[in-house]
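Understanding the architecture of this molecule
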Amino acid sequence: MPLSITPLSETIGAEITGLDLCVCAVESALAQVRAALRDHLVIVIRDQRLDPRQLLAALRLFGETMEQHLTSTLMPEHPEIAVLDSRKMPPDKEGQVIPFGARDWHTDHTNHPRPPKLTALYAVKLPSEGGDTSFANMHVAYDCLGADEQARLGQLRAVNKIEDFAYISDEARAKFAARPVHPLIRTHPDTGKRALYVHPGKLERIQGMEPEESRRLVNELVERVITPANTYRHRWRIGDLLLCDNRAVLHRAHRDYRMADGRVMHRVILRGEVPV
Ligand SMILES: [Fe+2]
């Protein structure tokens, strides 16, 4: 089957078929896939059958893997892979069980000085219904703001911290204790486009503002800029390998499924740049 790339919405996402990442992909096909990722920010490569070693080999075609802080989820033989299994989701401090990635719209691992440029999710097991993930194009969101607001937000810098979840070990907490500061509006290193860049759950505060005021500002902003016009909701199929450009996309998992059914994603993140 020939390689085919089809947009999944007007503003974000493309589906790729006719590519088997188990087999050594030819460079011309990879160049098309990388271009699709640059242009569409989220790509879904359908119908993959990748064991952990093959998954890592495939993803290294796109960059360098980096370590993740959800240490209890890491695959022992391949710690670059986090196994996000809804059946093993521990409760948070309030006793609530909320699936990974389903609390808010966010970009991943902003508590790192060099957060991941890409997050890869590989669908291994799905619930009988629901469990979609949504993605929002933050270049489009930024471009819809007025010039005054763009200028104002462009001055702001966010202080990031790791969340206070019981399932993040003391060891991981100590290791990732730095409080990196990232611009609230960042410029994509490959395209020069600007984007809102924030993880509300990891936001300690905006520099020069109180934490509560900072959270209000970010929550109101995210709520306002994410619209159906810049969003794509992905309904998973087993064997989907999805890559998301964290530098320009916010995402959120939906919580509309029975966690006991089992929704299992293998997640890998690829090292990015210092955001500017
Ligand atoms: Fe996430």
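Everything numeric in this text was worked out from a predicted model, so none of it was measured. (Residues numbered from 1 in each chain as written. Predicted model: local features only at pLDDT ≥ 70, side-chain atom pairs only at ≥ 80, totals over all residues.)

1. Quick look at the overall build of the protein
Our working definition: Starting at the N terminus, helices and strands are each numbered in turn, a helix being any DSSP run of H or I of at least four residues and a strand any DSSP run of E of at least two.
A count of helices and strands for the protein gives six helices and 16 strands. Summarising its shape, the C-alpha atoms of the protein cover approximately 55 × 40 × 35 Å along the three principal directions.

2. Things to note about the environment of Leu 126
The cut-off we apply is this: With C-beta atoms placed from the backbone, the exposure class of a residue follows from how many other C-beta atoms lie within 10 Å of its own: 20 or more, buried; 12 or fewer, exposed; in between, partly exposed. Here, residue contact means that the backbone-derived C-beta atoms of the two residues sit within 7 Å.
Summarising the element assignment, Leu 126 is placed in the loop between strand 6 (116-125) and strand 7 (133-137). Judged by C-beta crowding, with 21 C-beta atoms within 10 Å, Leu 126 ranks as buried. As for Leu 126 and Ile 238, which are separated by 112 residues in sequence, their C-alpha atoms are 6.9 Å apart. Setting aside its immediate chain neighbours within four residues, Leu 126 contacts Gly 131, Trp 236, Ile 238 and Arg 263.

3. Some points on the environment of Arg 194
For Arg 194, the location among the structural elements is in strand 11 (residues 194-196). Not counting residues up to four positions away in its chain, the partners in contact with Arg 194 are His 139, Tyr 142, Ile 185 and Thr 187.

4. Considering the pairing of strand 2 (residues 14-17)
So the rule is basically this: Criterion used throughout: strands pair if DSSP finds at least two bridges between them. Note on handedness: a clockwise path from strand one over the helix to strand two, with the strands aimed away from the viewer, defines a right-handed crossover.
Only one face of strand 2 is covered, namely the face carrying Ala 14 and Ile 16; the face carrying Glu 15 and Thr 17 is uncovered. Here strand 1 (residues 4-7) pairs with strand 2 via four bridges, running antiparallel. Residue pairing in the sheet places Ser 4 in a bridge with Thr 17 of strand 2. Here strand 1 hands over to strand 2 after six residues, with Gly 13 in that stretch at a positive phi of 95°. Here strand 2 pairs with strand 3 (residues 42-45) via three bridges, running parallel. By the bridge assignment for strand 3, Ile 16 is matched with Ile 45. Read from strand 2 through helix 1 (residues 27-40) to strand 3, the crossover connection turns out right-handed.

5. With respect to helix 6 (residues 211-225)
To be explicit about the condition: Helix span, expected: 1.5 Å multiplied by one less than the number of residues in the helix.
Between its first and last C-alpha atoms helix 6 spans 21 Å; for 15 residues at 1.5 Å apiece the expected length is 21 Å, and the two agree. Along its buried surface, helix 6 packs onto helix 3 (138-143), strand 11 and strand 12 (203-206).

6. Notes on the sheet that holds strand 15 (residues 249-253)
Applied cut-off: Note on geometry: axes are lines fitted to C-alpha atoms, helical ones only across the stretch in contact, with angles between N-to-C directions running from 0 to 180 degrees.
Ordered by their spatial adjacency, three strands build an open sheet running 13-7-15, and the pairing between neighbours is antiparallel. Both edges of this open sheet fall to strand 13 (231-234) and strand 15, since each of them pairs with a single strand only. Pairs of neighbouring strands in the sheet enclose a mean axial angle of 20°, with direction left out of account. Of the strand pairs in this sheet, strand 7 and strand 15 are connected by five bridges, and their pairing is antiparallel. The partner of Phe 135 across the bridge, within strand 15, is His 251.

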